[in-house]
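So you can see what is in the structure, the chains are spelled out below.
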Amino acid sequence: MEVNLTAGAVSRIISREVSTERDLKPLLQVIELKEVQTTSKNPQQQQEPRKSERYRLLLSDGSLTQQGMLATSKNELVKSSKLQVGSVVQLTQYLCNVIQDRMIVIIIELEVIVNKYDIIGKPVAAPRSSRLTQVPTDQPGAVMPQANSLGGSSVGGIMSDKLNTAGATLQQPTMNHWQGSSRLNESEQIRNPSANAPNFYPKTDPSAGFPGSSPTNRPFGVQSTGFNNTRPAASRPQSTSNFQSIPSYQQPSPMYSNRGAVSKNEAPPRIIPISALNPYQGRWTIKARVTAKGELRRYNNARGEGKVFSFDLLDSDGGEIRVTCFNAVVDQFYNQIEAGKIYLISRGSLKPAQKAFNHLNNEHEIFLDSTSTVQPCYEDDNRIPRQQFNFRTITDIEGMENNTMVDIIGVVSFISPAASIMRKNGMETQKRTLHLRDMSGRSVELTLWGSFCNAEGQKLQSLCDSGEFPVLAVKAGRVSEFNGKVVGSISTTQLFIDPDFPEAHRLKEWFVSTGRNTPAVSISRETSTVSRADDRKTLSQIKDEKLGTSEKPDWITVVARIAYIKLDNFCYTACPIMNGDRQCNKKVTNNGDGKWWCDKCDKAVDECDYRYIIQFQIHDHTGIIWVTAFQESGQDLMGVSAKDLYNLRYENQDDEKFMEITRQVMFNKYMFKLKVKEEIFSDEQRVKSTVVKVEKVNFSSDSRHLLDLIEKIKTNDLGPSASKAEFTTPNPGPDYAGVGIHGSRGIAPTASREYGLPVNQGGQYGNHYSGSRLRESAPSIDIFCNSCGVTGHSSTNCPTIMNGPLQSVGRDYSDRMYSGASVGRGSGTDFSSGGYGGIPSQQGIGLGCHELLV
Amino acid sequence: MQDMDISSPAAFVNGGLLRMHVGRKVRTVLQVTRSDIGSVMGRSTDGCQLVAKGSPPVPLTSYVEVIGVAENENTIRAELWTNFGDTFDASNYDKLCQLANGELKHLFL
């Protein structure tokens, strides 16, 4: 196949006509490829000097060769032999710098067009000094000699003759004249020096390319050009805002340090994009906004104490990089740096990034030292975004590896209260889980640790409790696996609640219109994130929800009173023999001779142990069930050991005391933690509940729980009414939103919300009050009742047409609600239509209000 | 129990809601700040300073419930006093007052 290399590319590079991909994307051939080892030592960090490999290549355009360095991100191409000697490549992103008098092309991105090809042409190395010859004529001979016809130019005056160093200086021709042509027209240049930023270059070869520049002798330190008095060897970024062919960040370099009158140009430094930073570039300046400011950390290691702090920067091109300061430098800059503000930073050193801690998209990190400069920018630059996100959809997370950092944004569909967790190192920390949903139809569990729980976590909780579904954006969350994929917060995570981003607005719109009603598939398997103890149920729910019937037992908490205790056999004789560190506990039978025989241990014991096995009934406002309590919970309940109680009753015959103890227990309200499981009992399936824990009800917290339930009912009420528009009749619709409820938005009831109270629960409460008519195990928000115009039930279940004794009550109630007449409407406190009789999907309150009505 | 006039139900109030029931029978729980002969000053569950006139029980615990007629927006002429002990969850009670005077008013009066 025919391959045409870009002729003249190398000479144009050398002549500085071309310096980045914006000028030219040349096709070149790799003539040589060599690996070089560079060690990076960072004394401040006390790290092992790291060796990184870099590849040096010799590129040819068919006639001339040019040295280049390949960015480490492209090393893979060489290793996989895609890039080798003979490859023809196109440079798609590169910089040209002069290092030690030589032009080097730093290749950031390239495309391998052909893996291997015969060497085209007979390329030779471009001559070093006498470039002049290559330069298109009509230039006055050598660059050097002439000092300046540029008298007229508005030069910041300087070294006219200074430039006469061995290498000529380069003058950067003005852009206007560089319309991609390789001809430098000196005269033109001269005419408009001021308009542009002529720059000059550290002498030598490459510079030779600059013809005409007798004017080149002049380092044009024109206002717009800044140049600094630093070592000539290094290449300098140069300025030129109006330069097209020359990147704006290549500065002229002084090198005339010992040449006498050098006027230092106080012009603003040239700003380069963060993505162009590389260790080979000596002096650079970046203008960026601080997106995150780290904490000041102190540490202790072999070398003694130290302190460190880092901050992250983002510039207008979207490039990000982390900046770190150690020890004394921390003091210098810590107070200066503020998150969200823009700074000009220069004279830092560039080292490879520590990927373990630095998750920004940059190979390098900046380290500041005492000579670095940080200058705040007072006028805010709107071109620099405040924060940069790379949002992924939740479906993407499913495919991600653990420990990848990710930015996500979603609607919070559920948040749990903060819980205290003991960490491995013995320290306690706070944890909150929440579920995020996005437009991909998936939801993921996000865990907040530590301080996030109290700050953002609490805010989110109150937003959710008041019926809102806030949008949460997460920057730098970590993906891990725990029964499916989950995302967790780390110290550098940032959370943004209801941010003002277009993605957030889109999400919100999606949610309000469709998302809220579409079920989301969770990629984090839903093992109850809410700890079991919080799983409050009513007794009737055990039957209605068929708890215990799945393969695993269900653990629930109920608040109930003890109705009856079966006292005949409240304990059994147990084997006390220890099996390892557990007691056998099997029932022992009386041998007849005063000893007790254990089947399991095959032994007889003199004294048996007595263990509780109490069966009792508990009831709450919804129902009554039998439960069994074993030794530990039995003892907690009765307050005395089984043995003592046994003795009390049977040995001492102290009935009075016995009754006293039992009387104290009866009819008290307790909080029971139950294990509910279905068992097969001689061909019969029965759901048995075992008391795992029993404790006296803490009325204060129980009240709070009830108050929360009330809140949820109120907000749920608004759901069906507010969301459906096609309401007829007594639908106070939009009024509801304003009435009585403190400004909370209506939300679709229960279906998409997981409050720990399943959809069914409402049904249960409703049932109790309104009798069997309203029995609905799966209230659907889509059912629209034609009779009363309220969603949530159908006309068959409609409370307004209930029969029987309850009807009058129900009707009255409904009438009051729907006609909106007297019920405090005037005072603006109407009880919304989702009242007791109205929508069975609502959750009632176990307050015995029903009795009040009747 | 003392003679309790239950001819009209007492509305649950806190400091802010008392003005809605001036002249009517109210009940509230106060955290006693000062106790004199003939009156007790206390903080209501929403933080207002109210005065309960009458003869408090002796000894008086930190929290006391008073039932009586509201004279003005910060005074109650108490007829019935009940010691509620030294620990009391004021925020729960406050929420109760809000609910009882809000949409659920008809459940209480």
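Not measured: the values here are computed from a predicted model.

Caption draft 1: Spatial organisation of the overall build of chain B. Assigned secondary structure in chain B consists of two helices and six strands. Secondary structure of chain B in N-to-C order comes out as β-β-β-β-β-β-α-α. When each of the 109 residues of chain B is scored for burial, the buried share is 43%. For chain B, restricting intrachain contacts to residue pairs at least 6 apart in sequence, the fraction spanning at least 24 positions comes to 53%. Of the roughly 5,500 Å² of accessible surface on chain B, 53% is carried by carbon and sulfur atoms.

Caption draft 2: Representation of the sheet that holds strand 33 (residues 596–598) of chain A in the model. Residues and elements named next belong to chain A. Strands sit in the order 32-33-34 across an open sheet of three strands; the sheet is antiparallel. Because the sheet does not close on itself, it has two edges, and the strands there are strand 32 (588–590) and strand 34 (603–605). Direction aside, neighbouring strands of the sheet carry axes that sit 35° apart on average. Relative to strand 34, strand 33 is paired through three bridges, and the arrangement is antiparallel. The residue of strand 34 that forms the bridge with C598 is K603.

Caption draft 3: Here's a closer look at the packing of aromatic side chains. Residues and elements named next belong to chain A. Within the structure shown, the criterion is met by 20 aromatic pairs over all chains. Taking 5.9 Å as the distance between ring centres and 55° as the angle between the ring planes, the aromatic pair formed by Y670 and F672 counts as tilted. An identical accessibility class is assigned to Y670 and F672; each is buried. We note K293 situated over the ring of Y334; from NZ or CZ to the ring centre the distance is 4.1 Å. Against the face of W626 rests K566, its NZ or CZ located 5.8 Å from the ring centre.

Caption draft 4: How the structure looks around the pattern of salt bridges. Going through the model one piece at a time under the given rule, you end up with 23 salt bridges over all chains. One salt bridge in this structure joins A:K74 and A:E109, with 3.3 Å as the shortest N-O distance. Highlighted residues: A:K74 in the loop between strand 3 (64–70) and helix 2 (75–79) and A:E109 in strand 5 (residues 102–114), separated in sequence by 35 residues. Since its relative accessible area comes to 31%, A:E109 is described here as partly exposed. Note that A:D702 and A:R536 form a salt bridge whose closest N and O atoms lie 2.4 Å from each other. Remark: A:R536 occurs in the loop between strand 27 (521–522) and helix 9 (539–544) and A:D702 occurs in helix 13 (residues 699–723); sequence separation between them is 166 residues. Of the two residues, A:D702 and A:R536, neither departs from the other in class, the shared state being buried. Here the salt bridges do not stand alone but share partners, grouping B:K53, B:E71 and B:R77 into one network.

Rules used in this analysis
- Residues numbered from 1 in each chain as written.
- Chains lettered and ligands numbered in written order.
- Predicted model: local features only at pLDDT ≥ 70, side-chain atom pairs only at ≥ 80, totals over all residues.
- Heavy atoms only, no water.
- Helix = DSSP H or I, 4+ residues; strand = E, 2+ residues; numbered from the N terminus.
- Buried < 20%, exposed > 50% of the residue type's maximum accessible area, 1.4 Å probe, protein only.
- Contact = heavy atoms within 4.5 Å.
- Areas by Shrake-Rupley, 256 points an atom, 1.4 Å probe, with all protein chains shown as cover.
- Pairing = 2+ DSSP bridges.
- Axes fitted to C-alpha atoms, helices over the stretch in contact; angles between N-to-C directions.
- Phe/Tyr/Trp six-rings, centres within 6.5 Å; stacked < 30°, edge-to-face > 60°.
- Lys NZ or Arg CZ within 6 Å of the ring centre and 35° of its normal.
- Salt bridge = Lys/Arg side-chain N within 4 Å of Asp/Glu carboxyl O.

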